[in-house]
Amino acid sequence: MQRIESFFDEIFGAAANPWRHLGALGFYFLWIALATGIYLFIVLDTGIEEIHTSIEYYTHEQWWLGGIVRSLHRYAADGLVLVMLLHILREFLYGRFHGFRWYSWITGVPTLWLVYASGIGGYWLVWDQLGLFSAIASAEWFDWLPIFNTPATRNFLPGVLTDRFFTLLVFLHIGIPLLLLLALWVHIQRVSQSDVFPARSLALGTLAMLLVLALAKPTVSHGKADLTMFSPVLHIDWYYLFIHPLMYATSPGGLWAIAGALTLLLLILPLLPHPRQGPVAVVDPPNCNGCRRCFVDCPYGAITMLPHPDKPGHELARVHPELCASCGICAGACPSSTPFRSMDKLVTGIDMPQQPVGALRAEMERKIAALRGQVKIAVFGCECAAASSRLESGDTAVLNLMCSGLLPPSFVEYALRGGADGVLVTGCREGSCAYRFGTRWTEERLNGRREPHLRPSVPAERLRLAWADRHEMSHLKATLDDFRQHLQTLGADEKRPRAYTPRRIVQHG
Amino acid sequence: MVSKSPTNPLVMVAQALFYGLFAVIIGYFSTSPDYHHLDPDTALIKLSFSTQAEPVGECRERTPEELAKLAPNMRAAKICPRERSPIRVSIDLDGKHLFEGVAPPSGLSKDGPSTLYRRFEVPAGEHTLSVKMNDNVRISDFNHVREEKMTLKPAQILVIDLRKDRGGIFFE
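Analysis parameters
- Residues numbered from 1 in each chain as written.
- Chains lettered and ligands numbered in written order.
- Predicted model: local features only at pLDDT ≥ 70, side-chain atom pairs only at ≥ 80, totals over all residues.
- Helix = DSSP H or I, 4+ residues; strand = E, 2+ residues; numbered from the N terminus.
- Buried ≥ 20, exposed ≤ 12 C-beta atoms within 10 Å, placed from the backbone.
- Contact = placed C-beta atoms within 7 Å.
- UniProt positions renumbered as here; feature names shortened; annotations may be inferred.
- Axes fitted to C-alpha atoms, helices over the stretch in contact; angles between N-to-C directions.
- Parallel < 35°, antiparallel > 145°, perpendicular 65-115°, else oblique.
- Left-handed = near helix turned anticlockwise from the far one by under 90°.
- Nonpolar A, V, L, I, M, F, W, Y, C, P; charged D, E, K, R; others polar.
- Pairing = 2+ DSSP bridges.
- Core = buried A, V, L, I, M, F, W, Y, C linked by C-beta atoms within 7 Å.
- Domains from an automatic or database assignment.

A tally of regular secondary structure across chain A gives 18 helices and 9 strands. When the backbone C-alpha atoms are referred to their principal axes, chain A occupies close to 95 × 50 × 45 Å. Per-residue burial for chain A yields a buried fraction of 44% across its 509 residues. At a minimum sequence separation of 6, the contacts of chain A that also span at least 24 residues come to 72%.

And the structure:
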């Protein structure tokens, strides 16, 4: 999966890579379907005799507006199903359905049903032979359940249907998508800064693609619904209506069994055995000044701010354990995480018990002091990305972080002033971070565009960023070799920050 | 690998190709492949009814003693059993047995309508359709019978219904 995504990065760029923004694309298709649906609702005549005629009118007579809008509505709905299924598959392949992610996974399941209920109802509204087929097949499916006193299929016998049926259908075709929106809002509740609109280039490209498709292959109806005849051959929309052939190939009970089993499987996936999550972030009130940076940077909204009990007028971060991803991005955001603090035991405002900032400083000091060679390089790696530990050598010290976002930018300056000639920071590609924002926040902090930022006095020549996923080890090695050669060309004292606390490093070394 | 610059012609061509592929996938499965629901030379016979059958027993007059035990406002002279009969159905097509079944009354007290829905694919053409139903357990034979010669056109849907307000069994 990562290889496919990396390939698409080269073409679309990470920000507009459709594979990395399937959820946002799904929202986008829904926005298009909703917007085009408003126009279709305005021009639709819901009389039993008129509904098909009105759709035929704006499909053929008003093709330049109504026809294109109808096609956009149809293809956006199809695109929604396609990217929704890919989104589920991608999250499943990445194992993103358990632990702190259980909520997003479970709340996504009802949206599947709502998408299908919205889409299938739309086909009935056209009231052509396909709509009639879908309506009868759906009624036969629901009649299998012992819930109707009078079979729903009897609604589609000659002389039974009235205009009210289509008024009800329109109501449902508006109401269910609104319910879908509500369900999606619930779905993204535990994700901060949700991706509900794709990057502009991806949005424009997708809209252009839909427009070209609408012009090249306009959506047309089958013949008008006739309750006394069936259509032997149907051009069905397999994205939505595949359930009908599946039912006729099995049985209504069989289809309920398949749909129920799949739904149940999706719901129980988070309950199946999976790797235990590491300890969650811990706040140290004496070292928290309530700056809100962890609150802003947390990708999962796991941090809220409370009045500080000991510092009047200040706030205190509070971690919600059930929401915490144990990524450490908060520790990287904390200004108290600076290694320049003189205390022997470095304690920061918010920290990860499994990789405390104090232990990271001690490890860095020890490893840098042990380096030998013409140039000494400190590498800050990420456990989720290319295996940076394989870069370790006599002149290269590697500090493997849980997420590159855990790195407080001041560690870069500290490494340079503590004996390293250069610092290489590596992690997942943009958009590939297992914790969403690790790569982005780190890059922005090191480039001075996000707090806490790397001080401008740190020479850019001695810092290199290399984003590489697990399969891109060769790229990472090549970057390190290139960086090493680059450092060799720099003079020993050229643009080098002044040495700092050599005594401490000697002590640890 | 091509340059990431969005103005690079190779990047633009590659993007156009992938957008095109995306469009083809959406557009193709939106209507294709065709689904052959039923053979074009067949017709469809649908058996569909939802009706209340006759009570399982006769109504009778209450005795004066029974009436006296009831509250004054409940003293209806006639009493009928609440439970309804199941509806037995037998269908023959061209002298061959097509379907036989029973639709029980719905409801916990078995006093609701009996419903049944079945569909049968048959070859189009001339047929003799014979439908028999019994909605009264007090009658041993079928009390609703209809037999008719008919020509079913290809793709025609014929509905068999039981509506007492329309004279019992009717074809539509």
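So that's the structure; there's more coming.
Turning our attention to the overall build of chain B. A count of helices and strands for chain B gives 2 helices and 11 strands. In chain B, the succession of helices and strands from N to C terminus is α-β-β-β-α-β-β-β-β-β-β-β-β. Buried residues in chain B amount to 22% of all 172 residues. The contacts in chain B between residues at least 6 apart in sequence include a share of 60% that link residues at least 24 apart.

Those residues carrying the UniProt feature "transmembrane region" (unreviewed entry) are residues 12-29 of chain B in this numbering. Helix makes up 100% of residues 12-29 of chain B and strand 0%, and the two end C-alpha atoms of the span are 26 Å apart.

Take the packing of helix 5 (residues 102-126) of chain A against helix 7 (residues 163-187) of chain A next. Residues and elements named next belong to chain A. Where helix 5 meets helix 7, the closest approach of the two axes is 9 Å, and the angle between their N-to-C directions is 160°. By the angle between their axes, helix 5 is roughly antiparallel relative to helix 7. You can see that helix 5 and helix 7 cross each other, and the crossing is left-handed. Tallied by class, residues from the contact of helix 5 with helix 7 come to 16 nonpolar, 9 polar and no charged.

Tracing the backbone through its elements, the reader meets B:Ser106 in the loop between strand 6 (96-103) and strand 7 (114-123). Overall, B:Ser106 belongs to the partly exposed group, with 19 C-beta atoms counted inside 10 Å. As for B:Ser106 and B:Glu83, which are separated by 23 residues in sequence, their C-alpha atoms are 9.7 Å apart. Every residue in contact with B:Ser106, bar those within four places of it in the chain, is listed here: A:Asn149, B:Gly112, B:Pro113 and B:Thr115.

Taken together, the contact pairs 38 residues of chain B with 37 residues of chain A. Counting residues per element, the side of chain B that touches chain A draws most heavily on helix 1 (residues 9-31) of chain B, at 13 residues. Its residues assigned to classes, the side of chain B that touches chain A shows 21 nonpolar, 13 polar and 4 charged. Bridge count between strand 1 (residues 233-234) of chain A and strand 1 (residues 35-36) of chain B: 2 bridges; the pairing is antiparallel. The partner of A:Leu234 across the bridge, within strand 1 of chain B, is B:Tyr35.

This part takes up the nonpolar core. All names here are of chain A. In terms of nonpolar packing, the biggest core is built from 69 residues, with Ile-329, Cys-330, Ala-378, Ala-415 and Val-423 touching the most fellow members. When sequence neighbours within four positions are dropped, the list of residues in contact with Ile-329 reads Asp-297, Cys-298, Pro-299, Cys-403, Gly-405, Leu-406, Tyr-435, Phe-437, Gly-438 and Trp-441. Core analysis: the second largest hydrophobic core is formed by 63 residues, Leu-30, Leu-40, Ala-214 and Leu-234 among them.

Turning our attention to the domain arrangement of chain B. Domain boundaries assigned for chain B yield domain 1 (6-35) and domain 2 (42-54 + 85-171). A straight line from the C-alpha centre of domain 1 of chain B to that of domain 2 of chain B covers 52 Å.

For the pair helix 4 (residues 63-93) of chain A and helix 1 of chain B, the least separation of the axes is 10 Å and the interaxial angle reads 105°. It follows that helix 4 of chain A is roughly perpendicular to helix 1 of chain B by the angle criterion. Between helix 4 of chain A and helix 1 of chain B, the residues in contact are A:Arg74, A:Tyr75, A:Asp78, A:Gly79 and A:Leu82 and B:Ile25, B:Ile26 and B:Ser30, respectively. Looking at the contact of helix 4 of chain A with helix 1 of chain B, its residues break down into 4 nonpolar, 2 polar and 2 charged.

In this section: the sheet that holds strand 5 (residues 87-93) of chain B. Residue and element names in this part refer to chain B. What the 4 strands build is an open sheet, ordered 6-5-8-9; its pairing is antiparallel. Of all strands in the sheet, those bounded by a partner on one side alone are strand 6 and strand 9 (144-152). If you compare each strand with its neighbour and ignore which way they point, the axes differ by 15° on average. Looking at chain direction, strand 5 and strand 8 (residues 125-134) are connected through 6 bridges and run antiparallel. Along strand 8, the bridge assignment pairs Val-89 with Met-133.

Okay, the sheet that holds strand 7 of chain B next. All names here are of chain B. Within the open sheet, the 4 strands sit side by side as 7-2-10-11. Their pairing is mixed. Looking at which strands have only one partner, the edges of the open sheet turn out to be strand 7 and strand 11 (168-171). Going from strand to strand, the sheet's axes swing by 15° on average, the running direction of each strand aside. As defined by bridge partners, strand 2 (residues 42-51) adjoins strand 7 across 10 bridges and the pair is classed as antiparallel. If you follow Ser-48 over to strand 7, its bridge partner there is Tyr-117.

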